[in-house]
Amino acid sequence: MKNNLNLLIIFLLTLVYVGCGTSDKTTKDTPKKELTQDEDIIDSEDVVSPVEITQKILKDIIEMPKSIPCKDGEFYRLKTKECLALKNRLWGFQGFTLPLENVYNLDKCTQNSLQSLIDNLPKEGGKIIMPECTIEIVDGIELNSSIILEGAGVGKTILSNRGESAIHVIGKDVIIRNFTIDGNLDTLNGIDGRLTKGNTLIEFIEAKNFNQSRGAGISFLTKRRLNRPALTIRYCTTSNSLHGINVKVMATALALIYSNQSYANKDYGINLSTNYLVEVAGNYLHNNEEAGVKSPNANHITYHHNDMNFNKKAGIVYTGGTGYGLIKVENNDLSNNGGMAFSARDTRLSNLYLTNNIVTNSIDINGYAIGVEGVRQVHITGNHGRVWAGDNNYSNITYY
């Protein structure tokens, strides 16, 4: 009996050992899931811990409008609740028409039902209305041309995605509005416009918890050159990703980004890279780990009437450039950041206009509120505190 018991114990220990060995081998040999953006590979080891949403950050969050609060051609300055005129109202989304009868209600809150409804729209397109529910999605859905995707409201209709980006815009004439997208920290982007064909409106969207090494709540890093992307992003809230809004359009952008709130992102509230002709207005960008906005190698970007506060290292950052760019920074509140209000880093920029911005309590360790090293012509109107231009006498600063 004793011998039989010993044999049983040996047999059970062997099973445990073999089982553990099989589990280790499976883990080792199973390829890691890849999320790609700009041909980069995202490994799970690259994902950093999310930005902690502290009570202080929660206190700084403001309530977003649930419908358009201003007239056509105006933006809403979120923090001050003002309606002000856009400077370039024709740059962004230009609208399109659909047959009035082409409206379809999603009757089952599943990924397959939603994608099937999208894929079976008539050739002239249509409007899809999603009810108040949570739709579990893996690797996202695709939106072709001439489509409106509309939910029951932020926090009411929720697309909970894992894997690749949640929404892939692959057509033109697209409107996305009125719902929440949650990436569960396991999704590349919320709305991904890499393959867009242009003319897109994104409004009243909450996009949160995307990959903190590459991801963004709303991302348009286009892979094809477009003569007129005609992109408008407005009244959206983005948080807890690498960037809130990430736009790199491989042509003249003609984009409007206004009245959005972006906070608690690992790098920037808005990241504009290699863009030409973008108006950024009325946004509230706060408590981001790097800065409110970064615009590497961008040209003809106008920032006006934005509030960029409580960002850890700067208000606005400009990097790179060929020496021919033009940046305008007008009537913004760039106060109370953990570094300069405007910071040029490794820059070659032709013209920078700083006009009547608030820079209180946004200084670096040396007491400078503005950094313009690498900017050839600097035009300053109003009190912008101490200005650092570097030691090489490259910058020509004119005060008005």
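The structure this text deals with has already been given above.
To start, this report covers the structure provided alongside it. (Residues numbered from 1 in each chain as written. Predicted model: local features only at pLDDT ≥ 70, side-chain atom pairs only at ≥ 80, totals over all residues. Heavy atoms only, no water.)

Re the nonpolar core
Put simply, the test is: Throughout, nonpolar core names a set of buried Ala, Val, Leu, Ile, Met, Phe, Trp, Tyr and Cys residues whose side chains join them through atoms within 4.5 Å. We call a residue buried when its accessible area falls under 20% of the maximum for its residue type, exposed when it is over 50%, and partly exposed in between, using a 1.4 Å probe and counting protein chains only. Throughout, a residue-residue contact means that at least one pair of heavy atoms, one from each residue, lies within 4.5 Å.
In this structure, Ile167, Ile191, Tyr303 and Leu352 are the most contacted members of the largest nonpolar core, which totals 67 residues. Non-local contacts of Leu352, meaning those with residues more than four positions away in its chain, are made with Ile327, Val329, Phe342, Val372, Val375, Gln377, Val378 and His379. Trp91, Leu256, Leu277 and Ala281 belong to the second-largest nonpolar core, a separate cluster that totals 15 residues.

Let's talk about the pairing of strand β24 (residues 291-294)
Here is the rule: Whether two strands pair comes down to DSSP finding at least two bridges between them. Runs of H or I in DSSP of at least four residues are treated as helices and runs of E of at least two as strands, each being numbered from the N terminus.
Pairing of strand β21 (residues 268-272) with β24, which is carried by three bridges, proceeds in the parallel orientation. Considered in β24, the bridge of Tyr268 is made with Ala291. For β24 and strand β27 (residues 314-320), the ladder comprises three bridges, and the chain directions are parallel. Paired with Val293 across the strands is Ile316, a residue of β27.

Focus on the state of the cysteines
Note the threshold: Put simply, a disulfide is two cysteine sulfurs that come within 2.5 Å.
The final tally for this structure, using the stated rule, is two disulfides. Sulfur-sulfur distance for the disulfide between Cys70 and Cys83 comes to 2.0 Å. Its S-S torsion of about -85° marks the bond between Cys70 and Cys83 as left-handed, since a negative value means left-handed. Residue Cys70 is located in the loop between α2 (55-60) and β3 (74-77), and its partner Cys83 is located in strand β4 (residues 82-85); the two are separated by 13 residues in the primary sequence. The class of Cys83 is partly exposed, set by a relative accessible area of 34%. Across the disulfide, Cys109 is cross-linked to Cys133 (sulfur-sulfur distance 2.0 Å). Judged by the torsion about the S-S bond (-90°), the Cys109/Cys133 disulfide is left-handed. Of this pair, Cys109 sits in the loop between β5 (103-105) and α3 (111-119) while Cys133 is found in the loop between β6 (126-129) and β7 (134-138), placing the two residues 24 residues apart along the sequence.

Quick word on the pattern of salt bridges
Two side chains bearing opposite charge may form a pair once their charged atoms approach each other closely. To keep it simple, the criterion reads: Salt bridges are counted wherever a side-chain nitrogen of Lys or Arg sits within 4 Å of a carboxyl oxygen of Asp or Glu.
Applying the stated criterion to the full structure yields 14 salt bridges. Note that Lys56 and Asp60 form a salt bridge whose closest N and O atoms lie 2.6 Å from each other. Of this pair, Lys56 and Asp60 are both found in helix α2, four residues apart, which corresponds to roughly one turn of the helix. Overall, the relative accessible area of 41% leaves Lys56 in the partly exposed class. When the shortest N-O distance is used, the salt bridge between Arg234 and Glu203 registers 2.9 Å. Remark: Glu203 occurs in strand β14 (residues 198-208) and Arg234 occurs in strand β16 (residues 231-234); sequence separation between them is 31 residues. Judged by relative accessible area, which is 3%, Glu203 ranks as buried. In this structure, a network of salt bridges that share partners links the residues Lys127, Glu150, Arg177, Glu203 and Arg234.

Things to note about empty space enclosed by the protein
Under the convention used in this document: Grid points spaced at 1 Å over the protein atoms alone were grouped into cavities, where a 1.4 Å probe fits but cannot get out, and pockets, open sets with protein on both sides within 12 Å along at least five of seven lines, with lining residues defined by an atom within 4 Å of a point. Grid points are joined across faces, edges and corners, and a volume is the space filled by probe spheres set on the points. By the convention adopted, Pro, Cys, Tyr, Trp, Phe, Met, Ile, Leu, Val and Ala count as nonpolar, Lys, Arg, Asp and Glu as charged, and the other residues, Gly among them, as polar.
Under the criterion given, the structure shown has one cavity of 30 Å³ or more. Lining the largest cavity are Thr196, Gly198, Asn199, Thr200, Phe220, Thr222, Pro229, Leu231 and Val249. Counting residues per element, the lining of the largest cavity draws most heavily on β14, which supplies three residues. Grouping the amino acids of the lining of the largest cavity by side-chain chemistry returns four nonpolar, five polar and no charged.

Digging into unusual backbone geometry
One non-glycine residue, Ala264, adopts positive backbone phi at about 55°. Among the structural elements, Ala264 can be located in the loop between β20 (261-263) and β21. Judged by its relative accessible area of 0%, Ala264 falls in the buried class. Not every positive phi belongs to a glycine, and Asn336 is a case in point at roughly 60°. Note on placement: Asn336 falls in the loop between β28 (326-330) and β29 (342-347).

Some thoughts on the sheet that holds β27
Here eleven strands make up an open sheet; going across it, the order is β8-β11-β13-β15-β18-β21-β24-β27-β29-β31-β33 and the pairing parallel. Each having just a single partner strand, β8 (141-143) and β33 (387-388) make up the two edges of the open sheet.

Let's talk about the environment of Thr381
Along the chain, Thr381 falls in strand β32 (residues 375-381). Considered as a pair, Thr381 and Tyr400 are 19 residues apart in the sequence and their alpha carbons are 5.1 Å apart. If we ignore the near neighbours within four places in the chain, the residues touching Thr381 are Leu354, Thr355, Asn356 and Tyr400.

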